[in-house]
Amino acid sequence: MKIQMRMSKLFQKTLLGVIFLFTVIFITISFFSGWNLYRNLAEEYKSKGMAIASSIASSSAETILTLDSATIQAMIDQFLDIEGVAYVFVIDSTGEIISHTFTPAIPSEIKQIAHTHKSGIKDVYIEGMGNFLDIVSPITEGSIGYVHVGMNKTIITQKMWLVLSRQLTLLLLIFLLSVTLAYFMVNKISQPLNKLTEYAKKLLTHDFDAKVDINSKDEIGLLAQTMQSMANNINEVFDRYEFALKDAVLELQDTLAYLTTIIDNMADGLIVVDKDGIVSHVNPAASEMFGKQEFEMVGKNIKILDPELDKLVNKSLIKEEVVSTEINLVDGRVGKAVAKSIKKEYFSEESEAKGLLGSVILIRDITQEKEIDRLKTEFITVVSHELRTPLTSILGFVEIINKKFNDTIISQLNLADEKILKVANKINKNLNIILSEGERITSLIDNILDISKLESGQIYWKFEETSIQEIIINAYKALSSLFEQRGLPCYIEIQPNLPPITVDKERIIQVVINLLSNAIKFTEKGYVKCKASLNGKEVLVSVEDTGIGIPESEKDKIFEKFKQVGDLIRSKPKGTGLGLAISKQIIEAHGGKIWVESEVGKGSTFYFTISLENRGK
Ligand code: ADP
């Protein structure tokens, strides 16, 4: 159907073209030949009429003079038989009609012409008779009269139309022949074109095995062959790519299966969430940790597992760094969740957040580690308690002995005796060592008891409104003698009009003392500077020194318990390694942050923040 439609359209167009062409030819030929014919016939009639008129004029002079009207009548009547002659009449020199061929009467137009028309040819219209050419010939130069011959113009047009109609019939026949010829030719051309179109359609649907049945040697045949060989080439390329694609897919499936196996066999739980916190992947370890099936977790918001996880994810999406928190697992177990945001490799120009895909969370069951840590702390706390009482009495007795020795015994000794002097000095020195080491053990025990209280949450915070200035001054006062002893200047720079803070004053003083005493401990020369300023909605405190500095790798570790920089086995430690751990606990309990920036050999600056919104909750 479609082929026929197409073919007929093509044919219709050709037909329209042929019709248009023929119409133009028809009109042109008809116009020119009609016009030519009319002119020729009119000329022929004119000369015919003139010949008749002059022959009558030359032969009728005598007859008129003799006034033999019957003879004239007989003469003019015979001319009526000549084709085209419509009327003949003869007039005398005064314009009076002598003889005529009109029946039954002379038309009025003729009477008028008889008087006015004296030479040449004139177009005449006679009511009820039609159009005529009136040709005048004078008889003896008009002295006797004139002969008028009327040639019928209607015959001219009739003749013209007859010739034209024959001509048109011939043209019509030629037209019909051309249309039939065009029909067959168009069919012959359009058929292979249709086949080619059908073939092209098949190629469009990727049917490259299809064949096109055109074997002609013309341009269409050439085009068909070219298309066929093109299709064969494409088919080959497709086959090759299909194989390559299959291989790539298999390889990808293998890699995917390998990765999935690794993830599924991980001891740690793995959860992947999108940027809205919706779980998209869970491994079996994570399912087990939360006591839920995979389908109960995937597609749900992470907060159904633990609200802490939701907070962690939000934090990881905002920050670049790895964030962690402790979470509750099933059966009272505890886990440590570590989250990191995942981003696309490229960043959109408009916003970096657009490249954010979500977060990946790793969860490790730390129930056992927590228990061991708890037992360790408990043991240390018990031992510390047990040590504290005897240590207090030992130190008390040593102090008494030292006092008694210096106040009473020394004066009784013969210090002139070099041997006795040496022993006395030795005893004095040893007693001082016992005292200072005892004090070190006491402060270690105090710190251990302190941190175990902080860690277990068994601490009573005494929140009160105070100023950071008061805290810093108090801390400085407690250490002023130490600064003097070490010859180190301490600069204090506090931004004026700082808003009050609500904190456990003694505990924050303890933090500043710890930072200042560390600065003194690790600074040989230079200075120590303590600053406080407003930083958005928090107060920022910094303690800067020009001491030995802290290597980059140790910066985070020093905030852990018992962690000190350097080789503790070979060099004598300068403290207990608990000060910064205690400070961290205190600051975090106030909703703040503590960190250090340092360069080895140049000095360190410790920072901590106190939130102004913290109201001791
Ligand atoms: P300690 O009682 O040993 O000072 P801290 O927890 O206060 O315990 O400090 C831990 C370790 O951090 C120190 O032993 C020291 O190695 C390092 N440290 C702390 N403050 C400074 C400082 N201002 N300069 C250099 N090192 C420091």
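So, how was this worked out
The residue count restarts for each chain, going from 1 along the sequence in the order it is written. Per-residue local features are limited, in this predicted model, to residues with pLDDT of at least 70; the limit for side-chain atom pairs, both in listing and counting, is 80 or more; totals at the level of whole chains, interfaces and linings are taken over all residues. Based on all heavy atoms of the structure, the side-chain values leave hydrogens and waters out of the count. Whenever a helix is involved, its axis is fitted only over the stretch in contact; in every case the axis is a line through C-alpha atoms, and angles between N-to-C directions fall within 0 to 180 degrees. Secondary structure counts use DSSP, requiring at least four H or I residues in a row for a helix and at least two E residues in a row for a strand, with both numbered from the N terminus. Put simply, angles under 35 degrees are roughly parallel, angles over 145 are roughly antiparallel, angles from 65 to 115 are roughly perpendicular, and the rest are oblique. For any helix crossing, the convention is left-handed if the near helix is rotated counterclockwise from the far helix by under a right angle, and right-handed if that rotation is clockwise. Pairs of residues are marked as contacts when any of their non-hydrogen atoms sit within 4.5 Å. In the scheme used here, Gly and all other residues not listed as nonpolar or charged are polar, with Ala, Val, Leu, Ile, Met, Phe, Trp, Tyr, Cys and Pro taken as nonpolar and Asp, Glu, Lys and Arg as charged. Using protein atoms alone on a 1 Å grid, points that fit a 1.4 Å probe yet trap it form a cavity, whereas open point sets bounded by protein on both sides within 12 Å along at least five of seven lines form a pocket; residues with an atom within 4 Å of a point count as lining. Grid points are joined across faces, edges and corners, and a volume is the space filled by probe spheres set on the points. We call a residue near a molecule or strand as soon as one heavy atom of that residue lies within 4 Å of the molecule or strand. N or O atoms within 3.5 Å of each other form a polar contact, as long as, within protein, one can give a hydrogen and the other can take it, and as long as residues adjacent in sequence are counted only when both atoms are side-chain atoms. Accessible areas in this description were obtained via Shrake-Rupley with a 1.4 Å probe; residue shielding takes into account the shown protein chains only. A pair of strands is considered paired only if DSSP assigns at least 2 bridges between the two. Between the first and last residue of a helix there are one fewer steps than residues, each counted as 1.5 Å, and that sum is the expected span. Throughout this description, buried means an accessible area under 20% of the type-specific maximum (1.4 Å probe, protein chains only), exposed means over 50%, and partly exposed covers the range between.

Focus on the packing of helix α4 (residues 153-204) against helix α5 (residues 219-264)
Thought 1: Relative orientation of the contacting elements α4 and α5 amounts to 10°, with a least axis distance of 11 Å. Taken together, α4 and α5 sit at an angle that is classed as roughly parallel. Considering only the axes of α4 and α5, their crossing is left-handed. Seen from α4, the contacting residues are I189, P192, L193, L196, Y199, A200 and L203; seen from α5, they are I220, L223, A224, M227, Q228 and A231.
Thought 2: Per-class residue counts for the contact of α4 with α5 are twelve nonpolar, one polar and no charged.

Looking at the layout of surface pockets
Thought 1: Estimated volume of the largest pocket: approximately 2100 Å³.
Thought 2: If you trace the largest pocket, you find 42 residues lining it, with S324, K336, K584, Q585 and E588 closest to the centre.

Brief notes about the site of the ligand
Thought 1: Taken together, 21 residues lie near the ligand, and N518, D545, Q564, V565 and L580 sit nearest.
Thought 2: In the environment of the ligand, a nitrogen atom lies 2.8 Å from a nitrogen or oxygen atom belonging to the side chain of D545.
Thought 3: Interatomic distance of 3.2 Å between a backbone N/O atom of G577 and an oxygen atom of the ligand.
Thought 4: Relative to its unbound accessible area of 530 Å², the ligand is 97% covered by the protein chains.
Thought 5: Of all the secondary structure elements, the ones that give two or more residues to the shell around the ligand are α12 (505-521), α13 (579-589) and β17 (603-611).
Thought 6: At four residues, the largest contribution of residues to the shell around the ligand is made by α12.

Considering the sheet that holds strand β6 (residues 269-274)
Thought 1: Here we have five strands laid out as an open sheet, ordered β7-β6-β10-β9-β8, and antiparallel in their pairing. Sheet topology places β7 (279-282) and β8 (323-328) at the edges, where each strand pairs with a single neighbour. Strand-to-strand twist across the sheet, computed as the mean angle between neighbouring axes with direction ignored, equals 25°.
Thought 2: Where strand β9 (residues 334-343) meets strand β10 (residues 356-365), nine bridges bridge the pair, whose relative direction is antiparallel. From the neighbouring strand, K340 faces β10, where its bridge partner is V360.
Thought 3: On the sheet, helix α8 (residues 307-318) packs against β6, β8, β9 and β10 and is oriented at approximately 170° with respect to β8.

What about the sheet that holds strand β5 (residues 145-152)?
Thought 1: Reading across from one edge, β2-β1-β5-β4-β3 is the order of the five strands in this open sheet, with antiparallel pairing throughout. Since the sheet does not close on itself, it has two edges, and those belong to β2 (97-100) and β3 (120-126), each with one partner. The mean inter-strand angle of the sheet, taken between neighbouring strand axes irrespective of direction, is 25°.
Thought 2: Relative to β5, strand β4 (residues 130-139) runs antiparallel, the two sharing eight bridges. In the strand pairing of β5, I135 is matched with V149.
Thought 3: In the packing of helix α2 (residues 69-79) onto the sheet, contacts are made with β1 (85-92) and β2, and the angle to β2 comes to roughly 45°.

Details of helix α10 (residues 418-456)
Thought 1: With 39 residues, α10 extends 57 Å between its outermost C-alpha atoms, agreeing within 8% with the 57 Å of an ideal straight helix rising 1.5 Å per residue.
Thought 2: Turning to α10, its buried residues are A424, L431, L435, G438, I445, N447, I448, L449, D450, I451, S452 and L454.
Thought 3: On the buried face of α10, the contacting elements are α9 (367-412), α12 and α13.
Thought 4: With a side-chain oxygen positioned 3.0 Å from the backbone nitrogen of K419, the residue opening α10 is D417.
Thought 5: G457 sits one or two residues past α10 and shows a positive phi near 80°.

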